[in-house]
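Here's the letter readout for the chains.
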Amino acid sequence: MAMMDSEGTPVSATADGREYVLMLVEDSPADVRLAQEVFRDAGFRHRLHVARDGEQALRMLRREGEHARLPLPDLVLLDLNLPRRDGREVLREVKGDPKLRQIPVLILSTSKAERDVVECYQSHANAYLVKPVDLEEFERLASMIRDCWLGMIQLPPRME
């Protein structure tokens with residue numbers, strides 16, 4: 001019998017069947033809506049928290065102010081070109097912080113520039129993904145995250 005989430009959506013088996021907390025750091029409203037839709041339909045239990053700029057992402061991750069009760073994410077999807085603080089700075093801050101560095105950070109950018117790829121891996125990104133341009137590719141990305149990052153890869157325990 002297939003597992004269902006609270007909305008009746010089939011939930012695929014993941015390594016431990018838990019609800020995952022994902023953070024999307026993205027300033028494009030259209031990309032945020034697309035991500036919300038494809039992750040909702042990807043068939044795994046999750047909560048998707050969205051930060052619209054680099055400053056907000058760091059406040060959320062550090063659980064400052066109104067974000068004090070926000071759980072740390074199991075996985076961060078980070079755009080590079082963000083207002084206030086770009087994704088490169090956010091990545092360096094996260095990976096330089098002993099309380100946050102174990103959180104896997106997947107870069108999700110339109111840039112295919114070799115310098116961006118190299119810089120992100122040098123700053124300890126866990127993966128660099130080129131942002132899909134259409135719905136079908138975005139659905140494949142969500143399935144890959146579900147099957148690989150949440151299904152096969154053993155994530156570190158979520159720190160509270």
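Scroll up for the structure.
Conventions and cut-offs
Residues numbered from 1 in each chain as written. Predicted model: local features only at pLDDT ≥ 70, side-chain atom pairs only at ≥ 80, totals over all residues. Heavy atoms only, no water. Helix = DSSP H or I, 4+ residues; strand = E, 2+ residues; numbered from the N terminus. Contact = heavy atoms within 4.5 Å. Polar contact = N/O pair within 3.5 Å; in protein donor to acceptor, adjacent residues only side chain to side chain. Salt bridge = Lys/Arg side-chain N within 4 Å of Asp/Glu carboxyl O. Buried < 20%, exposed > 50% of the residue type's maximum accessible area, 1.4 Å probe, protein only. Core = buried A, V, L, I, M, F, W, Y, C linked by side-chain atoms within 4.5 Å. Axes fitted to C-alpha atoms, helices over the stretch in contact; angles between N-to-C directions. Parallel < 35°, antiparallel > 145°, perpendicular 65-115°, else oblique. Left-handed = near helix turned anticlockwise from the far one by under 90°. Nonpolar A, V, L, I, M, F, W, Y, C, P; charged D, E, K, R; others polar. Phe/Tyr/Trp six-rings, centres within 6.5 Å; stacked < 30°, edge-to-face > 60°. Patch = residues over 30% accessible without salt bridge, like charges linked within 9 Å, V, L, I, M, F, W, Y side chains within 5 Å. Areas by Shrake-Rupley, 256 points an atom, 1.4 Å probe, with all protein chains shown as cover. Lys, Arg positive; Asp, Glu negative; His and termini not counted. Charge placed at Lys NZ, Arg CZ, Asp CG, Glu CD.

Caption draft 1: Geometry of the environment of arginine 47. With respect to the helices, strands and loops of the structure, arginine 47 is situated in strand 4 (residues 46-51). Here the alpha-carbon distance between arginine 47 and proline 73, two residues 26 residues apart in the chain, equals 9.1 Å. Ignoring anything within four residues of it in the chain, the contact list for arginine 47 reads Glu19, Tyr20, Val21, Leu22, Pro71 and Arg158. A polar atom in the side chain of arginine 47 sits 2.9 Å from the side chain of glutamate 19.

Caption draft 2: Fine view of the pattern of salt bridges. Scanning all chains against the criterion turns up 16 salt bridges. The salt bridge partner of aspartate 41 is arginine 40, with a shortest N-O separation of 3.5 Å. Under the relative-accessibility criterion, arginine 40 is labelled partly exposed at 40%. Between glutamate 119 and arginine 88 there is a salt bridge, and its shortest N-O distance comes to 3.9 Å. Taken as a pair, glutamate 119 in helix 4 (residues 114-122) and arginine 88 in helix 3 (residues 87-96) lie far apart in primary sequence, 31 residues in all. When its relative accessible area of 28% is taken as the criterion, glutamate 119 is described as partly exposed. Among the ionic contacts, a cluster of salt bridges with common partners joins Glu55, Arg62, Arg85, Glu89 and Glu93.

Caption draft 3: Representation of the nonpolar core. The biggest cluster of nonpolar side chains holds 24 residues, and the ones touching the most others in it are Phe39, Leu106 and Ile145. For this core, the element with the most residues is helix 5 (residues 135-152), which contributes six residues. Other than its neighbours up to four places away in sequence, leucine 106 contacts Leu75, Val76, Leu77, Leu78, Asn126, Ala127, Leu129, Ile145 and Trp149. One finds Met23, Leu72, Val90 and Val94 within the second-largest nonpolar core, a separate group that totals 23 residues.

Caption draft 4: Here's a closer look at the packing of helix 1 (residues 29-40) against helix 5. The interhelical angle for the contact between helix 1 and helix 5, taken along N-to-C directions, is 55 degrees, at an axis separation of 9 Å. Taken as axis vectors, helix 1 and helix 5 run oblique relative to one another. Helix-helix and strand crossings are classified by hand; for helix 1 and helix 5 the assignment is right-handed. Contacts between helix 1 and helix 5 involve Leu34, Ala35, Glu37, Val38 and Phe39 on the former and, on the latter, Leu135, Phe138, Glu139, Ala142 and Ile145. Here the residues of the contact of helix 1 with helix 5 sort into eight nonpolar, no polar and two charged.

Caption draft 5: Up close: the packing of aromatic side chains. One pass over the full model with this rule turns up one aromatic pair. The interplanar angle of 85 degrees and the centroid separation of 6.3 Å between the aromatic rings of phenylalanine 39 and phenylalanine 44 together place this pair among those described as edge-to-face.

Caption draft 6: Fine view of the environment of arginine 45. If you trace the backbone, arginine 45 turns up in the loop between helix 1 and strand 4. Put simply, arginine 45 and glutamate 19 are 26 residues apart on the chain and 4.7 Å apart in space, counted from C-alpha to C-alpha.

Caption draft 7: Structural detail: a negative patch on the surface. On the surface, Glu37, Asp134, Glu136 and Glu139 cluster together into a negatively charged patch. Relative to the assigned elements, glutamate 139 resides in helix 5.

Caption draft 8: The arrangement of the packing of helix 2 (residues 54-62) against helix 3 in detail. Running from N to C, helix 2 and helix 3 cross one another at 20 degrees; their axes reach a closest spacing of 9 Å. Put simply, helix 2 runs roughly parallel to helix 3. For the pair helix 2 and helix 3, the crossing hand works out as right-handed. Note on element contacts: helix 3 touches helix 2 through Val90, Glu93 and Val94, opposite Gly54, Ala57, Leu58, Leu61 and Arg62. Among the residues making up the contact of helix 2 with helix 3, the classes are represented as five nonpolar, one polar and two charged.

Interpretation note: all reported values are geometric properties and have no functional meaning in isolation.
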